[in-house]
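Analysis of the macromolecular model
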Amino acid sequence: MNEGLKRNNYHDQKNIDNTLKLRDLTTTLPSFCKDFFLGIKDTTSTRTRLAYAYDLRIFFEYIHDTNPMLSNVPITAFTIDILEKIKPQDIVEYLDYISYYEKDNEVYTNDERGKQRKLSSLRSMYKYFFKSEMIEKNPAALVDMPKLHQKEIIRLDPGEVATLLDNVETGENMTKKQLNYHEKTKVRDLALITLLLGTGIRVSECVGLDVNNVDFRNNRILIRRKGGYEDVVYFGDEVEAALKDYLDERLHIIPESGHENALFLSLQNKRLSVRSVEMLVKKYAGTVTTIKKITPHKLRSTFGTNLYQETGDIYLVADILGHKDVNTTKKHYAAQNEDRKRQAANILKLRED
């Protein structure tokens, strides 16, 4: 095939889309921001740079709207010396502002995690220009990160997992409208949800799968991780059976142009999107009687906690989940081991009975 006509895979296309969005967004920011994004290009993903751009736009809009000396200056005309005129207290007030604000008749809120991410975006920009000796002050480095309160890991118990999968198969507790589509999608949906529960992969990794990424000889899939690197994940017999059933059905589907390689297809015969999978899981979650909010990430948490409880090997869990830092895994999953700690208290006997 002519190299110029070669189709991009899902991940390459997402990078192109993110790059185009970033270019558009950059035109609404101060011109010096372009230097920042070019400077961090080799050390960050397109997704990270795009997230930075959205965060920085909120910050510069706040500075523009709240500083009388800048209110008549277009944001695109801000010069780099403005960064040194901003004081740590200005950034603290900005973080307080984004707790709750209104813009274009929309209400926006940020919890401690949202504030932490936005401060990280600011710190990255300031750090780049400070290290490049383009500014002499770094007020963002003087602002403390918002303290994060540890969230309890929510996972499904075995009964909830079984009910969820049963309902995907049978359509139990679904509305009449949902049942109209269920017959057409149940084999695909069962394969997808079984894969998420059986491997712990992220939704973005799941929708990025191509048919040729599935290897039944070794029961494994090749995925593209967050950060862009490839990884191999193995799956068990239940995942194998569900995937084979779906692929038998998939053989009779003619994909839309550009989606020929996609593993999971929509009813429009196009690659499923992350949003589509989130809505799909939400639909089936509504058929399960539980107080827990079932999301794709909860399926990943379920896999992670179950694997850790079965093996006690935090490094294995980190590797399979694709965590680069095992401390991330410890923070999220080690707390689930309280029962084993409690049991350990009675294992050793100080004196014979």
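Residues numbered from 1 in each chain as written. Predicted model: local features only at pLDDT ≥ 70, side-chain atom pairs only at ≥ 80, totals over all residues. Heavy atoms only, no water.

In this section: the sheet that holds strand β3 (residues 214-215). Spatially, β3-β4-β5 is the arrangement adopted by the 3 strands of the open sheet, whose pairing is antiparallel. Of all the strands in the sheet, just β3 and β5 (230-234) have a single pairing partner and so form its edges. The pairing of β3 with strand β4 (residues 220-224) spans 2 bridges and is antiparallel. Looking across to β4, one finds that D215 is bridged to R220. (Pairing = 2+ DSSP bridges. Helix = DSSP H or I, 4+ residues; strand = E, 2+ residues; numbered from the N terminus.)

A cluster of nonpolar residues, L222, V232 and Y234, forms a patch on the protein surface that exposes about 260 Å² of accessible area. Looking at where L222 falls in the secondary structure, it is placed in strand β4. What makes L222 partly exposed here is its relative accessible area of 31%. (Patch = residues over 30% accessible without salt bridge, like charges linked within 9 Å, V, L, I, M, F, W, Y side chains within 5 Å. Areas by Shrake-Rupley, 256 points an atom, 1.4 Å probe, with all protein chains shown as cover. Salt bridge = Lys/Arg side-chain N within 4 Å of Asp/Glu carboxyl O. Buried < 20%, exposed > 50% of the residue type's maximum accessible area, 1.4 Å probe, protein only.)

This part is about the environment of F37. Structurally, F37 can be placed in helix α2 (residues 32-39). Look at F37 and you get buried, because its relative accessible area is 6%. The residues contacting F37, other than those within four sequence positions of it, are L22, T26, L29, R49, Y52, A53 and L56. (Contact = heavy atoms within 4.5 Å.)

Looking at chain direction, strand β1 (residues 100-103) and strand β2 (residues 106-109) are connected through 4 bridges and run antiparallel. Across the sheet, the residue bridging to E102 is V107, located in β2. In this structure, the hairpin formed by β1 and β2 is closed by a connection of 2 residues, where D104 is found at a positive phi of approximately 50°.

A word on the nonpolar core. If you look at the biggest cluster of nonpolar residues, it comprises 42 residues, and the most contacted ones within it are I193, L195, I201, I221, F264 and L299. Every residue in contact with F264, bar those within four places of it in the chain, is listed here: R188, A191, L192, L195, C206, L243, Y246, K270, R271 and L272. One finds Y52, L119, Y126 and A140 within the second-largest nonpolar core, a separate group that totals 36 residues. (Core = buried A, V, L, I, M, F, W, Y, C linked by side-chain atoms within 4.5 Å.)

Summed over the entire model, instances satisfying the criterion amount to 15 salt bridges. Ionic pairing is found between K186 and E183, a salt bridge with its closest N-O pair at 3.3 Å. Here K186 and its partner E183 are both found in helix α8 (residues 176-199), 3 residues apart, which amounts to about one turn of the helix. Between D189 and R188 there is a salt bridge, and its shortest N-O distance comes to 2.8 Å. For D189, a relative accessible area of 0% corresponds to the buried category. Through salt bridges with shared partners, a single ionic network connects R202, E205, R225 and D231.

Relative to the assigned elements, N110 resides in the loop between β2 and α6 (112-131). Relative accessible area serves as the criterion here: at 14%, N110 is assigned to the buried category. When the C-alpha positions of N110 and D96 are compared, they lie 9.3 Å apart, and in sequence the two are 14 residues distant. The residues touching N110, leaving out its near neighbours within four places in the chain, are I98, S99, Y101, K115 and K118. Polar contacts involving the side chain of N110 include one to the main-chain carbonyl oxygen of I98, which spans 3.0 Å. (Polar contact = N/O pair within 3.5 Å; in protein donor to acceptor, adjacent residues only side chain to side chain.)

By themselves, these observations are geometric and do not establish any function.
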